[in-house]
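Working through the structure, step by step
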Amino acid sequence: MMIAQDRITTSQAIVVLVNYILATGILTLPRFSLEKVKTPDVWISVLLGGLIAMIAGVIIVKLSQQFPEKTFYQYNQEIIGKWLGAFLSILVISYFFLIAAFEVRTMAEVTSLFLLEGTPTWAIILPFLWVGLYLISSGINSIARLFEIIFPITVIIFLLVAFLSIGIFEIDNLRPVLGLGIIPVLKGVKTSTLAFLGPEIMLLLIAFMQKSDKKKAVKVVLVGLTIPLIFYIITVVMVIGALSVDGVLTRTWPTIELMRSFEIPGLIFERFESFLLVIWIMQIFTTFTITYFAAAFGLSCLLKKNIRIFMFALLPVIYLIAMTPKNINELFKFGDMIGNAALILFGMLPIILLFIARLRGVKNEA
Amino acid sequence: MWEKVVSYIPNWTVFMQGFLAFLIPYIIFNVFNQLKSEKKKESQKETNPNSSQAPSEHYTGDYTLDYERIKQQIGHNWDVHFREFLLGDTGVRVAIIFLDGLSDKELIEKHIMMALMQNFTDEKYDESSFKNGEVLQEFIKNRILPISDLKEEQDIKLSATAVLTGSAALIIDGISNALILDIAKGKSRNIEEPVSEALVRGPRVGFTEILSDNTALLRKHGENSNLFIINFKVGQRSKKELIVAYIEDVADPNLVEEVKRRIQKITIDDVAESGYIEQLIEDNYLSPFPQVQSTERPDRVFAALMEGRVAILLDGTPFALVAPVTLGMLLQSPEDYYERWLPSSLIRLLRYLAASVTLFAPSLYIAFVSFHQGLIPTKLALSIMRAREGVPFPALIEALIMEVAIEILREAGLRLPKPIGPTMGIVGGLVIGEAAVQAGIVSPVLVIIVALTAISSFVIPQYNAGITLRMLRFIAMFLAALFGLYGVVIFFLFLCSHLVKLKSFGVPYLSPTVPYRAGDWKDFMVRMPLKMMKNRPRLLHTKDSTRRKD
């Protein structure tokens, strides 16, 4: 296995997790959660969703820490046997490349809507896939380093544009707080939890972490989820505060609309959606590459072949899946499906696995 | 149900595209792999041209025979001089063989020949030791020749080689050795300020073409008994001296070993300049980025040594190599440390800005003008559009014309004789700037952008790093013309993907940017006060990490 020499540090693990979580959610979370909640209290559901994700993440970490030198693909067979384990691995691998395909397609949809009208989707997707392949071909360390470049750029630009949009922010749009009670808020929790999909990468990441850092994996999950939580809350509060509840519901990509709806004269740029789109494309790229890598790595663990083969073999698969949804509504439905699968796969399963592992006393201290 | 499933099966074009998605990178990957493996094969081939040579011949002590033999070896050369004379008043025949131009003629005449030809009046000397070769040789070595670097050589071939590198060979009748006197004296030039790396503040000293001068410059930098200067010979047909310098109690021994290993692996006929070494020891020769720093400044080399890096100096070139190098280093100038920290930091930030302008300005122009007019402020968009009204070309062609023109101008400026260089620069600049706009070929906005890009690229202290960025700028322009802003983002991601993969002697090329090393950031985008820079860069795994103790 290539794990041995390819280690990442705690801070790299945090950055990978943050970059993985931040993806489509920045653009769609306000509308999706508002559709369910229908009151301005969405930020509370986002907060709850983040907390739930943290709990799930901690459970995943606890499970993985039982086998600090192994990835999920390797240790699940020790817990529940060869065949069931292999089956689980296949499920997880499929999940990862489905997510990759979903992210790629969403990126292509948004890009062709806002940046490249008339450019065929395949032309947008293919270079994206290839750059991703180029990056992951040298392993987790390069991936982590690229994420470390993208992370500060994202933070700075995001905070900048969020801060600039404060001009059209109306606190009244967020009132009343809990006007209809707690029930609507709870309705949105599931949707907002889905925006925090990402802690599952810890199933693999712990095996890649440096030996001395493995004990800090819980910290990785907590910090790695807090940062996107702050991002999401800022997004939701800003978007609803500026566009109002009704305004958000009628727009497909409310966050971009928010950026379009204000102008700051006197600066070189008056509108900032291009900035947001740039960091957003980068964030999609990070999510795409890490899931693509996770899938390829899983296949190579499962079939015991060189990872290169699977990197190439997955390209057409991801492309075909990405092209399958016929329109943007089907794409969102597709996203929902993956999300639901993730809730079962990574919400329930780790608890069961952890339980079985403890029961059978399988442990691997290495 | 079935129909629904069928309706989701994409048509054949999508399958074809999917296949393409796999095929194109697969082909590229294989081609590149082929290139890499070919290089490996080459380096694995052990070439040994010296092994097939004739068995070595030794001196016999018979003067006439030895003389004829060495004459056979090198006598056909015009610049090899043979001078026969008699040893003092003894009548022993002696020949001195030297190279005109390389050997110090004055020294030969005034000190060597004079000493040998005069009558020996020493009382210890008596007739009996004449015929006995050994005594004579010891006597000449110990009492007659005032030469510091002297050795005995039995092999005719090797002594011939020594003569060709500037030593003088002394053959004495009755002695089965040749005395090799190292009296080489190359023509050296004065130490001047390096042309390509001028500073406002800092030593006005640059390396020269003489290796011993260069090592002396390093030694002169300060008393340091731990400065190790290890020599190698490179080149198989034409051998050259090469020096690896490092500070023994600072540099990571693994790094030193790696540098030595790579130098020993070099198999090439001739090394013309340190650029050859650079290209033969770099990690990835397909990368556009220089992975070894080349510099003419001794102070820069010494600063790098103190950080735990390794320097490589080659005879015959003023350019020393420093490894490992990181991208940040290419944007630093020694002056950053000589001036106070605030101005230095600001200037350094300016350089980072200039580097990104060089890379992205023309591509962003193309992206915004041809794809996203909506994203720039309306007034600015209007004035750009108005300026572009008469321009018959798409933005890419327009930008390409100008960028290529300015590159030609730059290259021409290098080659032009010094007196007419500036004139031609002004004329060329005027023609390109004014006349092209007047003729309606390009828009004035673009001229501004191109000029800005060109000037920015020269802000980068390392000439070759500037070229790299200018080169990559064209890729960015093509991608911007294809995909607009999205293309620029893809380019950025691709560039970063490449950079994070790149390593220079095991050190990540982008460090200390990534992986995060907060300690090393004191000397990265900004240069913190020297009082705060207590440690050497951590990424180099130095033996002694503290620079200053309080």
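These lines cover the structure that appears in this document, whether it is placed above or below. Residues take numbers from 1 onward in each chain, read along the sequence in its written order. Each chain gets a letter, beginning with A, and each ligand a number, beginning with 1, in the order they are written. Where totals are concerned, whole chains, interfaces and linings use all residues; where local detail is concerned, this predicted model gives features only for residues with pLDDT of at least 70, and gives and counts side-chain atom pairs only at 80 or more. No hydrogens and no water enter the side-chain calculation; it runs on all heavy atoms of the structure.

Attention now goes to the overall build of chain A. A run of H or I in DSSP becomes a helix once it reaches four residues, and a run of E becomes a strand once it reaches two; helices and strands are each numbered from the N terminus. Regarding its fold elements, chain A presents 15 helices and 0 strands. Relative to a compact globule of 366 residues, whose C-alpha radius of gyration would be 21 Å, chain A shows 20 Å and is just as compact. With the C-alpha coordinates aligned to their principal axes, the bounding extent of chain A is approximately 60 × 45 × 35 Å. For chain A, buried positions account for 63% of its 366 residues. Contacts are residue-level and defined by heavy atoms, with any inter-residue pair within 4.5 Å sufficient. If you take every contact in chain A between residues at least 6 apart in sequence, the share linking residues at least 24 apart comes to 83%. Residue exposure ignores everything except the shown protein chains as possible cover, and the areas themselves are Shrake-Rupley values with a 1.4 Å probe. Summing over all exposed atoms, chain A offers an accessible surface of approximately 13,400 Å²; the carbon and sulfur share of this is 68%. Counting 28 positive and 21 negative side-chain charges, chain A places the centres of these two groups 13 Å from one another. C-alpha atoms define the radius of gyration, and 2.2 Å times the number of residues to the power 0.38 defines the globule rule. When a residue's accessible area, from a 1.4 Å probe over protein chains only, is under 20% of the maximum for its type it is buried; when over 50% it is exposed; and in between it is partly exposed. The charge count treats Lys and Arg as positive and Asp and Glu as negative. His and the chain ends do not count. For the purpose of locating charges, the reference atoms are NZ of Lys, CZ of Arg, CG of Asp and CD of Glu.

Assigned secondary structure in chain B consists of 19 helices and 12 strands. Over its C-alpha trace chain B gives a radius of gyration of 32 Å, far above what one expects of a compact globule, namely 24 Å for 550 residues. Judged by the C-alpha coordinates and their principal axes, chain B covers about 115 × 60 × 60 Å. Buried positions account for 47% of the 550 residues belonging to chain B. For chain B, the proportion of contacts with a sequence separation of at least 24, taken over those separated by at least 6, is 67%. Of the roughly 28,100 Å² of accessible surface on chain B, 60% is carried by carbon and sulfur atoms.

Attention shifts here to empty space enclosed by the protein. Residues and elements named next belong to chain A. Cavities and pockets are defined on a 1 Å grid built over the protein atoms alone: a cavity is a set of grid points where a 1.4 Å probe fits but cannot escape, while a pocket is an open set with protein on both sides within 12 Å along at least five of seven lines, and lining residues are those with an atom within 4 Å of any such point. Grid points are joined across faces, edges and corners, and a volume is the space filled by probe spheres set on the points. As enumerated under the stated definition, the model contains 2 cavities of 30 Å³ or more in all. Taken as a whole, the largest cavity encloses approximately 40 Å³ of empty space. Around the largest cavity, the lining residues are Phe158, Ala162, Ile234, Thr235, Met238, Thr255, Leu258 and Met259. Those elements giving two or more residues to the lining of the largest cavity turn out to be helix 7 (139-164), helix 11 (217-249) and helix 12 (254-260). When residue character is reported, Ala, Val, Leu, Ile, Met, Phe, Trp, Tyr, Cys and Pro are called nonpolar, Asp, Glu, Lys and Arg charged, and the others, Gly included, polar. Of the residues that constitute the lining of the largest cavity, the class distribution is 6 nonpolar, 2 polar and no charged.

Here we take up the nonpolar core. Here, the term nonpolar core denotes a set of buried Ala, Val, Leu, Ile, Met, Phe, Trp, Tyr and Cys residues that are joined through side-chain atoms within 4.5 Å. Ranked by size, the top nonpolar core spans 225 residues in total, and within it Tyr73, Tyr95, Phe96, Phe128 and Leu129 of chain A together with Tyr486 of chain B carry the most contacts. Per-element accounting of this core gives the leading share, 21 residues, to helix 19 (residues 463-501) of chain B. Among residues more than four places away in sequence, those in contact with Leu129 of chain A are Val104, Phe288, Leu315, Ile318 and Tyr319 of chain A together with Ala21 of chain B. Of all hydrophobic cores here, the second largest spans 24 residues; its members include Val92, Ile112, Ile172 and Leu181 of chain B.

The next thing to look at is unusual backbone geometry. With omega at -5°, the peptide bond leading from Ala323 of chain B into Pro324 of chain B counts as cis. By the secondary structure assignment, Pro324 of chain B is in the loop between strand 10 (320-323) and helix 12 (327-330). Despite not being glycine, Ser244 of chain A shows a phi value in the positive range, around 70°. Along the chain, Ser244 of chain A turns up in helix 11. A relative accessible area of 22% places Ser244 of chain A in the partly exposed class. If you check the backbone angles, Lys304 of chain A has positive phi at about 55° while not being a glycine. Under the relative-accessibility criterion, Lys304 of chain A is labelled exposed at 68%.

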